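The chain contents come next:
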2 protein chains.
Amino acid sequence: MSAPVLVELVGPDFAPVVRDPAAPLLRADDVGALRGDGAFERFLVYRGRPRRFADHLARLARSGAMLGLALPPEAAWRAAVDLVVANWSGADEWEARLVATRGPESGGPTTAYVLGQPLAPSLLQQRQEGIAAITLDRGFASDLMGRAPWLLLGAKTLSYVVNMAAKREAEARGADDAIFLSTDGQVLEASTSAVVAAFGRRLVSPPDEVGILPSISLRHLLTDAGEAGWEAVREPLKVDDLKAADGVWATSSLRFVRIRSLDGDPLGPGEAHAELEALARRGTAPPQG
Amino acid sequence: MSAPVLVELVGPDFAPVVRDPAAPLLRADDVGALRGDGAFERFLVYRGRPRRFADHLARLARSGAMLGLALPPEAAWRAAVDLVVANWSGADEWEARLVATRGPESGGPTTAYVLGQPLAPSLLQQRQEGIAAITLDRGFASDLMGRAPWLLLGAKTLSYVVNMAAKREAEARGADDAIFLSTDGQVLEASTSAVVAAFGRRLVSPPDEVGILPSISLRHLLTDAGEAGWEAVREPLKVDDLKAADGVWATSSLRFVRIRSLDGDPLGPGEAHAELEALARRGTAPPQG
């Protein structure tokens with residue numbers, strides 16, 4: 001097991017400092033813990049190169065703006081990730097997390113750190129075996145996002161307890177993950193990934209405007225698939241569409257996995273899996289198994 | 001300024017240990033911070049006596065059950081609060097927070113602590129001056145709670161970022177707090193308190209089933225008001241009801257404050273304020289000012 005690496009961005013200049021990942025870092029009154037009040041990003045690092053780092057920094061900045069959160073400058077994040085990379089001694093492929101909270105409740109400053117960790121064994125297993133999913137009502141309509149920005153739909157915040165509860169609900173029902181539906185029956189996203197379906201050489205995923213996180217891995221996959229001859233579009237999807245598709249996948253910065261079944265019904269065989277997986281994993285470790 | 005007091009419940013027996021509140025307590029990979037994955041409670045302590053402690057322990061246990069979270073036993077929380085009380089050297093009236101997270105992402109154990117803090121100056125000001133509120137769409141229907149338990153409506157979790165964002169939205173519009181409305185126009189709750197309205201000697205607050213936190217202070221207020229000759233009921237309320245009321249208040253374990261205006265319209269004069277405030281603050285410091 002590779003050892004995690006932790007680098008804190010220490011104010012006021014957010015200078016990167018290596019910390020012991022097993023020792024405490026956050027104060028008891030940090031609103032990251034008390035209120036889930038902060039933003040984060042996760043991405044792969046392969047052979048020392050952070051993948052799509054600029055995209056993740058841009059999305060972190062967007063989340064920070066939605067939260068009114070003062071973030072370290074990009075140069076500070078880059079220096080911190082460089083230091084994590086320099087101290088990493090584990091496998092070729094691992095994950096980095098950027099975390100920023102509003103800091104102690106008494107008035108900051110921002111808490112910021114980068115955590116390098118080995119990939120979870122469950123993730124490696126899902127990549128090879130695919131997952132079983134269930135659908136769960138997310139409780140809001142697909143037109144909510146635009147009219148209620150204070151609900152922070154589409155921001156990647158530290159308040160993820162509902163995503164975790166949805167995953168536990170799926171596991172309690174014998175599945176691996178949940179796909180959220182809007183109250184008007186539109187497919188939204190899985191608990192920690194985007195959903196994409198293939199119909200022949202047509203690749204479809206719901207638009208961000210239905211109230212989901214703008215997925216970086218999805219955007220690249222659609223672009224790359226388009227260059228490889230697919231028609232790749234963002235369009236509303238319903239459950240019946242997923243059940244009629246030739247294949248359905250969950251994609252995030254850490255994985256591209258086939259969804260084998262939905263609410264107990266087998267989904268399309270996903271014959272394009274190897275082709276799409278190769279696109280999704282471009283520039284990282286080759287698919288195993 | 002009184003100094004905060006921090007006591008950690010240290011596993012496996014959750015023994016209470018005094019910690020320095022200015023030193024770090026949580027690991028960087030604690031899912032309390034990474035995911036807002038945990039539960040909390042806040043309550044008043046007056047002259048060394050925690051107020052409605054048993055009620056808060058019961059609600060914490062309920063939140064823990066909704067989250068599938070292993071909590072310290074009640075005796076451990078009581079011992080920890082006793083130790084905070086014994087170390088408190090500030091004002092007669094202060095607040096205690098119980099916090100429990102699922103612990104480090106690698107697999108726990110539960111992180112648990114009690115934080116004693118002075119009351120925020122803004123809270124003392126609101127008690128005296130009341131607040132201006134705006135209404136904000138909460139994005140879900142008032143019948144959602146029963147059919148989607150995975151959304152954790154009514155659980156007091158550490159994922160409070162939307163509540164914080166709603167309060168910032170209110171402040172950006174020149175108000176102090178937000179009152180959430182369901183998509184079908186029902187009054188839900190304020191960002192960190194319950195809403196109650198008076199119509200003559202009739203006191204009305206929405207039922208918990210609309211998808212709100214079961215408020216301990218509200219329950220006691222309605223019971224005490226009933227004994228003082230009020231008719232006290234849980235019934236759906238609409239914005240027009242609030243605007244027609246003789247007075248509207250926000251109540252939480254830390255405060256009972258009049259809502260002076262809603263979306264810029266003045267609300268009823270709240271002539272019952274002194275009487276209700278005396279009930280709400282029974283057993284604590286007398287109202288100031």
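Scroll up to find the structure.
Bear in mind the structure is a predicted one, so any value in this text is a computation, not a measurement.

1. Here's the deal with the overall build of chain A
Broken down by element type, chain A carries nine helices and 16 strands. Taking 19 Å as the expected radius of gyration for a compact globule of 289 residues, we find that chain A reaches 19 Å, a close match to that expectation. For chain A, the spread of C-alpha atoms along the three principal axes comes to 55 × 40 × 35 Å. When burial is assessed residue by residue, chain A has 61% of its 289 residues classed as buried. Residue pairs at least 24 apart in sequence account for 69% of intrachain contacts in chain A once pairs closer than 6 positions are excluded. Taken as a whole, chain A presents about 10,700 Å² of accessible surface, with 53% of it coming from carbon and sulfur.

2. Let's talk about the relation of the copies chain A and chain B
Structural alignment of chain A on chain B gives an RMSD of 0.0 Å, achieved by rotating through 180 degrees and translating 0.0 Å along the axis. Interpreted geometrically, this transformation is the action of a two-fold axis. Of the residues that chain A buries at the interface, 98% are likewise interface residues in chain B, meaning the two copies contact each other through the same surface.

3. Some words on the interface of chain A and chain B
Frequently, the measure chosen for interface size is the accessible area that the parts lose on association. Listed by partner, the interface residues are 51 residues for chain A and 50 residues for chain B. Buried area between chain A and chain B, both sides added, is near 4,200 Å², and the carbon and sulfur share of it is 57%. Among the residues of chain A in contact with chain B, A:Arg35, A:Trp150 and A:Val161 are the three that bury the most area, contributing 19% of the side total. Joining chain A to chain B, the criterion identifies four salt bridges. B:Glu105 is paired through a salt bridge with A:Arg97; the nearest N and O atoms lie 2.8 Å apart.

4. Quick look at the pattern of salt bridges
Pairing between side chains of opposite charge can happen when the charged atoms of each approach one another. Residues and elements named next belong to chain A. In total, this model carries 40 salt bridges over all chains according to the counting rule given. Notably, a salt bridge pairs Asp55 with Arg219, separated by 3.2 Å at the nearest N-O pair. Taken together, the residues Asp55 in helix 2 (residues 53–67) and Arg219 in helix 7 (residues 216–227) connect sequence positions 164 residues apart. Ionic contacts of the salt-bridge type, sharing partners, join the residues Glu93, Arg127 and Arg281 into one network.

5. With respect to the nonpolar core
Counting residues in hydrophobic clusters, the biggest one holds 94 residues, and the most contacted among them are A:Trp77, A:Leu98, B:Trp77 and B:Leu98. Residues in contact with B:Leu98, not counting those within four places in the same chain, are B:Ala39, B:Phe40, B:Glu41, B:Phe43, B:Phe53, B:Leu57, B:Leu60, B:Trp77, B:Val81, B:Tyr113 and B:Val114. By size, the runner-up hydrophobic cluster in this structure holds 28 residues, among which are B:Leu6, B:Leu26, B:Phe40 and B:Tyr113.

6. Section: the sheet that holds strand 6 (residues 93–101) of chain B
All names here are of chain B. Read across the sheet, six strands follow the order 2-1-7-6-4-5 without closing on themselves; strand pairing throughout is antiparallel. On the outer flanks of this sheet lie strand 2 (15–19) and strand 5 (49–50), each paired with one strand and no other. Here strand 1 (residues 5–10) pairs with strand 2 via five bridges, running antiparallel. Looking at strand 2, one finds that Val10 is bridged to Ala15. Each of strand 4 (38–46), strand 5 and strand 6 touches helix 2 (residues 53–67); the most contacted strand, strand 4, lies at about 175 degrees to it.

7. So, helix 3 (residues 74–87) of chain B
All names here are of chain B. In this model helix 3 runs 20 Å from its N-terminal to its C-terminal C-alpha over 14 residues, within 8% of the 20 Å that 1.5 Å per residue would give. Among the residues of helix 3, those classed as buried are Ala76, Trp77, Ala80, Val81 and Val84. Looking straight down helix 3, one finds its buried side chains confined to an arc of 130 degrees; they lie on one side. Residues of helix 3 that are exposed and point more than 90 degrees away from the buried face comprise Ala75, Asp82 and Ala86.

8. Some remarks on the sheet that holds strand 6 (residues 93–101) of chain A
Residues and elements named next belong to chain A. What the six strands build is an open sheet, ordered 2-1-7-6-4-5; its pairing is antiparallel. Looking along the sheet, the strands with just one partner apiece sit at the ends: strand 2 (15–19) and strand 5 (49–50). Examined bridge by bridge, strand 1 (residues 5–10) and strand 7 (residues 111–118) share four bridges and lie antiparallel to one another. Note that in strand 7 the partner of Val7 across the bridge is Val114. Where helix 2 meets the sheet, its contacts fall on strand 4 (38–46), strand 5 and strand 6, and the angle it forms with strand 4 comes to roughly 175 degrees. Contacts between helix 3 (residues 74–87) and the sheet are confined to strand 1, strand 2, strand 4, strand 5, strand 6 and strand 7, with strand 1 contributing the most and set at about 155 degrees to the helix.

9. Focus on empty space enclosed by the protein
For the coordinates displayed, the defined rule picks out four cavities of 30 Å³ or more. Volume-wise, the largest cavity comes out at about 110 Å³. Forming the walls of the largest cavity are 18 residues, and the residues nearest its centre are B:Arg51, B:Ser252, B:Arg255, B:Ala280 and B:Arg281. Listed by contribution, the elements that provide at least two residues to the lining of the largest cavity are helix 7 (216–227), strand 14 (247–252), strand 15 (255–262) and helix 9 (273–280) of chain B. Of all the elements, helix 7 of chain B adds the most residues to the lining of the largest cavity, at four residues. Its volume calculated, the second largest cavity comes out at about 90 Å³. What lines the second largest cavity is a set of 14 residues, among which A:Arg51, A:Ser252, A:Arg255, A:Phe256 and A:Ala280 lie closest to the centre.

10. Topic: the environment of B:Asp92
All names here are of chain B. Mapped onto the elements of the fold, Asp92 is located in the loop between helix 3 and strand 6. The spacing of Asp92 and Arg47 is 45 residues in sequence and 4.9 Å in space, taken between C-alpha atoms. Filtering out sequence-adjacent residues up to four positions away, Asp92 remains in contact with Val45, Tyr46 and Arg47.

11. A short note on the packing of aromatic side chains
In this structure the tally under the stated criterion is eight aromatic pairs over all chains. Judged by centre distance (5.2 Å) and plane angle (80 degrees), the rings of A:Phe40 and A:Tyr160 are edge-to-face. Taken together, the positions of A:Phe40 in strand 4 and A:Tyr160 in the loop between helix 5 (144–147) and helix 6 (161–172) put the pair 120 residues apart, joining distant regions of the chain. The exposure class assigned to A:Phe40 is buried, which follows from its relative accessible area of 2%. Here A:Tyr160 falls in the buried class, since its relative accessible area comes to 9%. The ring of A:Phe53 has A:Arg78 sitting right over it, with the charged end atom 5.0 Å from the ring centre. A cation sits over an aromatic face here: B:Arg138 above B:Phe180, 5.3 Å from the ring centre.

The rules behind each value
The written sequence of each chain sets the order in which its residues are numbered from 1. Ligands are numbered from 1 and chains lettered from A, in the order in which they are written. Residues qualify for local features only when their pLDDT is at least 70, as the model is predicted, and side-chain atom pairs are given and counted only at 80 or more; totals for whole chains, interfaces and linings, by contrast, use all residues. Computation of side-chain values covers all heavy atoms of the structure but excludes hydrogens and water. Only DSSP runs of H or I with at least four residues qualify as helices, and only runs of E with at least two residues qualify as strands; both kinds are numbered from the N terminus onward. For this measure, only C-alpha atoms enter the radius of gyration; the expected value for a globule follows 2.2 Å times N^0.38, where N is the number of residues. Three exposure classes are used, based on accessible area relative to the maximum for each residue type with a 1.4 Å probe and protein chains only: buried under 20%, partly exposed in between, and exposed over 50%. Contacts are assigned to residue pairs with any non-hydrogen atoms lying within 4.5 Å of each other. Only the protein chains shown count as cover for residues, and all accessible areas are computed by the Shrake-Rupley method using a 1.4 Å probe. To superpose the copies, least squares is applied to the C-alpha atoms of every residue with a pLDDT of at least 70 in both. Buried area: the accessible surface (1.4 Å probe) lost by two parts on joining, summed over both. When a carboxyl oxygen of Asp or Glu lies within 4 Å of a side-chain nitrogen of Lys or Arg, that pair is called a salt bridge. We define the nonpolar core as a collection of buried residues of types Ala, Val, Leu, Ile, Met, Phe, Trp, Tyr and Cys that are connected through side-chain atoms lying within 4.5 Å of one another. DSSP calls a pair of strands paired once it identifies at least 2 bridges connecting them. Interaxial angle, 0 to 180 degrees, is taken between N-to-C directions of lines fitted to C-alpha atoms, where a helix line uses only the stretch in contact. Multiplying 1.5 Å by the residue count of a helix minus one yields the expected span of that helix. For this quantity, the arc is that covered by the directions from the helix axis to the C-beta atoms. Points on a 1 Å grid over protein atoms alone make up a cavity when a 1.4 Å probe fits among them but cannot get out, and a pocket when they form an open set with protein on both sides within 12 Å along at least five of seven lines; lining residues each have an atom within 4 Å of a point. Grid points are joined across faces, edges and corners, and a volume is the space filled by probe spheres set on the points. Pairing of aromatic rings covers Phe, Tyr and the six-membered ring of Trp, with a centre-to-centre limit of 6.5 Å; geometry is then stacked below 30 degrees between planes, edge-to-face above 60, and tilted otherwise. Charge-over-ring placement is defined geometrically: NZ (Lys) or CZ (Arg) within 6 Å of the ring centre, and within 35 degrees of the ring normal.

By themselves, these figures tell us nothing about what the structure is for.
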